[in-house]
Amino acid sequence: MTPTIVIVGAASRDLTDEDPRGWRLGGGVTYSALVSARLGVPTGALMGVDALSAGAHELDLLRAAGVELRTVVLDRAPVFRNIERPEGRLQLSAGPADAVPPDAIPEAWLSAPGWILTPVAAELPDAWADAPSAEATVAVGWQGLLRELPVDGPVRHTIPEPAPIIARADIVGISRDDVDPAISLDTLAAHLHPRATLVVTQGDRGGVVMETGPDGSRRLRHYPPVRARDVADATGAGDVFLAAFAAARIEPRLVGGRIAAGFDLLLAATAASLTIEGIGLHGVPDRAAVRERMLEVRATAQPGPMAPGD
């Protein structure tokens, strides 16, 4: 069976003293696949793992949610230590990761109508740009292509440059914290194809969406944040946002087809908000929780969109 959305990337091991293993499973592919499946979208995930993460109990969360999971064992997968500071996250790396090979994708998945490429350590080579069909909608988490991982040192952010994966993408997500503030949105958008959507998240300040109109003009839209009741763990929130946003664009039924009214952004912001209220992947919400929180947002912010299914 062909999934509706195929998600590709390497899982990371995020070092922490709060887990008896000394780490938790992370990475954009894990958070993205889990929220996509919990929103009710048939999801396949091709995940690079190292020998330790191949047996991680978190993978059972994905399988229980209905994710069709395929793993590729890498000699080196991403390993991070995330340090939260008032001025922003400091991310330390254990070293570079091996590439996830494009030929590992199951042949039956190649015709999937939706793809989310979620690198965390530039582990997806340029050839991944050619894996989706020409008709597929492709979303990419850009910041994962803009990282250099030194051995036992801080992760370094690289300057955005032309890249085949970004040129193929129909939706590109990036955190404003992962690019130099001097780089303008127009400069970022210039790397995308003319009909692509650029989503720039800004944490608890919401974010902006840039799209190109039929006349070639760029339209900028700000979206407000959905406030979390409590912040337990911010890891993965950006990945959940992008995956939920892409899922709504790929499967508009998730928001009753109301993309033009901004329900895709509300769905994404709500899912991300709920995620940070829990620890690790256990914070990723299902569709019922997202719908309930969306109804609360509607009740407290007038006028506002309704939850899916209304």
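Summary of the structure given here.

Reading guide: rules and limits
Residues numbered from 1 in each chain as written. Predicted model: local features only at pLDDT ≥ 70, side-chain atom pairs only at ≥ 80, totals over all residues. Heavy atoms only, no water. Helix = DSSP H or I, 4+ residues; strand = E, 2+ residues; numbered from the N terminus. Rg over C-alpha atoms; globule rule 2.2 N^0.38 Å. Buried < 20%, exposed > 50% of the residue type's maximum accessible area, 1.4 Å probe, protein only. Contact = heavy atoms within 4.5 Å. Pairing = 2+ DSSP bridges. Salt bridge = Lys/Arg side-chain N within 4 Å of Asp/Glu carboxyl O. Axes fitted to C-alpha atoms, helices over the stretch in contact; angles between N-to-C directions. Core = buried A, V, L, I, M, F, W, Y, C linked by side-chain atoms within 4.5 Å. Expected span 1.5 Å × (residues − 1). Parallel < 35°, antiparallel > 145°, perpendicular 65-115°, else oblique. Left-handed = near helix turned anticlockwise from the far one by under 90°. Nonpolar A, V, L, I, M, F, W, Y, C, P; charged D, E, K, R; others polar.

1. Details of the overall build of the protein
Step number 1: What the protein contains, in helices and strands, is seven helices and 16 strands.
Step number 2: The C-alpha atoms of the protein give 18 Å as radius of gyration, which agrees with the globular expectation for 310 residues (19 Å, within 12%).
Step number 3: Projected onto the principal axes, the alpha-carbon positions of the protein cover approximately 50 × 45 × 40 Å.
Step number 4: Here the protein holds 310 residues, and the buried ones make up 55% of them.
Step number 5: In the protein, once contacts between residues fewer than 6 apart in sequence are set aside, the share between residues at least 24 apart is 63%.

2. Let's talk about the sheet that holds strand β3 (residues 23-26)
Step number 1: The strand order β3-β2-β6-β7-β11 describes an open sheet built from five strands, whose pairing is mixed. The open sheet is flanked by β3 and β11 (153-154), the only strands paired with a single partner.
Step number 2: Sheet topology note: the strand β2 (residues 12-15)/β3 ladder contains four bridges and is antiparallel. Each residue of the ladder has a partner; that of Asp14, found in β3, is Arg24.

3. A short note on the pattern of salt bridges
Step number 1: Applying the stated criterion across every chain, the model contains 17 salt bridges.
Step number 2: A salt bridge links Asp50 to Arg13, with the nearest nitrogen and oxygen atoms 2.9 Å apart. You can see Asp50 sitting in the loop between β4 (43-49) and α2 (58-65) and its partner Arg13 sitting in strand β2, a full 37 residues away along the chain. Comparing Asp50 with Arg13, the two get one shared label, buried.

4. Focus: the sheet that holds strand β14 (residues 197-201)
Step number 1: Judged by pairing direction, the sheet is mixed, and its nine strands sit side by side in the order β5-β4-β1-β8-β9-β13-β14-β15-β16 without closing on themselves. Whereas interior strands pair on both sides, the edge strands pair on one side only; in this sheet they are β5 (68-73) and β16 (218-223). Between one strand and the next, the sheet's axes are offset by a mean angle of 15°, whatever the strand orientation.
Step number 2: Examined bridge by bridge, β4 and β5 share six bridges and lie parallel to one another. If you follow Val49 over to β5, its bridge partner there is Val73.

5. Focus on the nonpolar core
As a rule of thumb, soluble globular proteins bury nonpolar side chains together.
Step number 1: Ranked by internal contacts, the top residues of the largest apolar core, which has 56 residues, are Met47, Phe241 and Leu267.
Step number 2: Broken down by secondary-structure element, the contributors of at least two residues to this core are β1 (5-10), β3, α1 (28-38), β4, α2, α5 (237-250), α6 (263-275) and α7 (287-300).
Step number 3: A per-element tally of this core places α5 first, with eleven residues.
Step number 4: Once residues lying within four places of it in the same chain are set aside, the contact partners of Phe241 are Val199, Thr201, Tyr223, Leu265, Ala268, Ala269 and Ala272.
Step number 5: Core analysis: the second largest hydrophobic core is formed by 37 residues, Ala129, Ala131, Val172 and Met210 among them.

6. Things to note about the side chain of Ser53
Step number 1: Mapped onto the elements, Ser53 comes out in the loop between β4 and α2.
Step number 2: What makes Ser53 buried here is its relative accessible area of 1%.

7. Some remarks on α6
Step number 1: End to end, α6 covers 18 Å across 13 residues, agreeing with the expected 18 Å (1.5 Å per residue, within 8%).
Step number 2: In terms of burial, α6 is a largely internal element, 13 of the 13 residues being buried.

8. Quick notes on the packing of α1 against α2
Step number 1: With their axes 9 Å apart at the nearest point, α1 and α2 run at an angle of 25° to one another. It follows from the interaxial angle that α1 and α2 lie roughly parallel. For α1 against α2, the interelement crossing comes out left-handed. Contact residues: Thr30, Ala33, Leu34, Ala37 and Arg38 in α1; Leu61, Leu62 and Ala65 in α2.
Step number 2: Here the residues of the contact of α1 with α2 are counted per class, giving six nonpolar, one polar and one charged.

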